[in-house]
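Observations on the model geometry
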Amino acid sequence: MNKTYLLSGLLVLSSLLIPAHAQVASTKVYNTGKAIEKPLIMSRFIEMQSARSVPEVMFTDTKGEQISLKQYKGKLVLVNLWATWCAPCIKEIPQMENIRQVNKDKNLVVVPISIDEESDKVQAFLERHDLGHYQTWLDPKKTIDQIMPADVVPATYVFDGSGNLVGFLRGYLDWGDKEVQPYLEKLTAKYAQR
């Protein structure tokens, strides 16, 4: 059998195995204009050229209440995907909590979402790591896949004040770096009231 045919067959087969529900927001809403100059620490962050609309997706909090990102209209929202099996997430959680606290009276919110399938074990995990105070949302069925792929954790997705996706960073970042907060303030000024 020819290697080209074999490779083509494998590509077709792999495309059939990709979950049909996993997608990236694709409807362009507006041009975001000139990108904000990034400090070196934020070099992997992608500020999108066009804001993308996303469907409303429901999550649950640790009390079992239904919630969605819609409640943060007029604010810049950092959605941080994480999981208990993700070692870098443990390093990122305290940094994300610090960003949440520093910005609690500003137009920037941090929304952590655990993608653990066994969400009943998330709170115990947080307490075991002295993070019991960390308020997270739960998404055991990965409904977040309707908005963006949940195949990498940690990952942070940024939404404008109308809930449109405007940027993302997949993988670990030292969010505690001193240059991160000023950059987040610039993103907030640009996108929170959109």
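This section reports on the structure supplied with the text. Keep in mind that what you see is a predicted model, and the values were worked out from it rather than measured. (Residues numbered from 1 in each chain as written. Predicted model: local features only at pLDDT ≥ 70, side-chain atom pairs only at ≥ 80, totals over all residues. Heavy atoms only, no water.)

**Overview of unusual backbone geometry**
The line we're drawing: Only runs of H or I of at least four residues qualify as helices and only runs of E of at least two qualify as strands under DSSP, and these elements are numbered from the N terminus. Relative accessible area decides the class of each residue, using a 1.4 Å probe on protein chains only: under 20% of the type maximum gives buried, over 50% gives exposed, and in between gives partly exposed.
Look at the link from Val 153 to Pro 154: it is a cis peptide, with omega at -5 degrees. Despite not being glycine, Asp 130 shows a phi value in the positive range, around 55 degrees. Position of Asp 130 relative to the elements: it lies in the loop between α3 (122-128) and β7 (137-138). Residue class for Asp 130 comes out exposed when judged on its relative accessible area of 67%.

**Overview of the state of the cysteines**
Heads up, the rule is: Note on disulfides: each one is a pair of cysteine sulfur atoms within 2.5 Å.
Overall, the coordinates contain 1 disulfide when judged by the stated rule. Bridging Cys 86 to Cys 89, the disulfide has an S-S length of 2.3 Å. Judged by the torsion about the S-S bond (85 degrees), the Cys 86/Cys 89 disulfide is right-handed. Classification of Cys 89 as buried rests on a relative accessible area of 1%.

**Brief notes about the packing of aromatic side chains**
We apply this condition: Any pair of Phe, Tyr and Trp rings, taking the six-membered ring for Trp, is counted once the centres come within 6.5 Å. Such a pair is stacked with planes under 30 degrees apart, edge-to-face with planes over 60 apart, and tilted for the rest. Geometrically, a lysine NZ or arginine CZ counts as sitting over a ring once it is within 6 Å of the ring centre and also within 35 degrees of the ring normal.
Tallied over the full model, the rule gives 5 aromatic pairs. A centroid spacing of 5.9 Å and a plane angle of 80 degrees characterise the contact between Phe 45 and Tyr 183, whose relative ring orientation is edge-to-face. Of this pair, Phe 45 sits in the loop between β1 (27-31) and β2 (46-53) while Tyr 183 sits in helix α4 (residues 180-191), and the two are 138 residues apart along the sequence. Here the two residues Phe 45 and Tyr 183 agree in accessibility, since each one is buried. In textbook terms, an aromatic cluster arises when at least three aromatic residues are bridged by ring pairs, as seen for Phe 59, Tyr 72 and Trp 137. Between the NZ or CZ atom of Lys 91 and the centre of the ring of Tyr 172, over which it lies, the distance is 4.8 Å. The ring centre of Tyr 30 lies 3.7 Å from the NZ or CZ of Arg 194, which sits over that ring.

**Side note on the layout of surface pockets**
Our working rule: Lining residues are those with an atom within 4 Å of a point, where the points come from a 1 Å grid over the protein atoms alone and group into cavities, where a 1.4 Å probe fits but cannot get out, or pockets, open sets with protein on both sides within 12 Å along at least five of seven lines. Grid points are joined across faces, edges and corners, and a volume is the space filled by probe spheres set on the points. Here the nonpolar group is Ala, Val, Leu, Ile, Met, Phe, Trp, Tyr, Cys and Pro; Asp, Glu, Lys and Arg are the charged ones; every other residue, Gly included, is treated as polar.
Of the volumes computed, that of the largest pocket is approximately 340 Å³. Around the largest pocket, the lining is made up of 20 residues, and of these Tyr 72, Arg 100, Gln 135, Thr 136 and Trp 137 lie nearest the centre. Tallied by class, residues from the lining of the largest pocket come to 9 nonpolar, 5 polar and 6 charged. The space that makes up the second largest pocket amounts to roughly 290 Å³. Around the second largest pocket, the lining comprises 18 residues; the ones closest to its centre are Val 54, Leu 69, Lys 70, Ser 162 and Gly 163. Among the residues forming the lining of the second largest pocket, the class breakdown is 9 nonpolar, 5 polar and 4 charged.

**Some words on the pattern of salt bridges**
The following threshold applies: Any Lys or Arg side-chain nitrogen found within 4 Å of a carboxyl oxygen on Asp or Glu counts as a salt bridge.
Under the defined criterion, the tally for this structure stands at 7 salt bridges. When the shortest N-O distance is used, the salt bridge between Lys 106 and Glu 185 registers 3.6 Å. With Lys 106 in the loop between α2 (87-102) and β6 (108-114) and Glu 185 in helix α4, this pair connects stretches of sequence that are 79 residues apart. According to the relative accessible area criterion, Lys 106 is partly exposed, its value standing at 37%. We note a salt bridge from Lys 121 to Glu 118, for which the minimum N-O separation is 2.8 Å. Of the residues examined, Glu 118 reaches a relative accessible area of 45% and is grouped as partly exposed.

**Brief notes about α2**
Side chains that are three or four residues apart share a direction in an α-helix, a result of its 3.6 residues per turn. Basically, it comes down to this: By definition, a residue's bend is the angle between the axes fitted to the seven residues ending there and the seven starting there. The criterion used for residue contact is that any of the two residues' heavy atoms lie within 4.5 Å.
At Ile 93, α2 shows its strongest bend, of approximately 30 degrees, with the proline Pro 94 following within four residues. Looking at α2, one finds that the buried residues are Cys 89, Glu 92, Ile 93, Gln 95, Met 96, Glu 97, Ile 99 and Arg 100. Lining the buried residues of α2 we find β5 (76-82), β6, α3, β8 (155-159) and α4.

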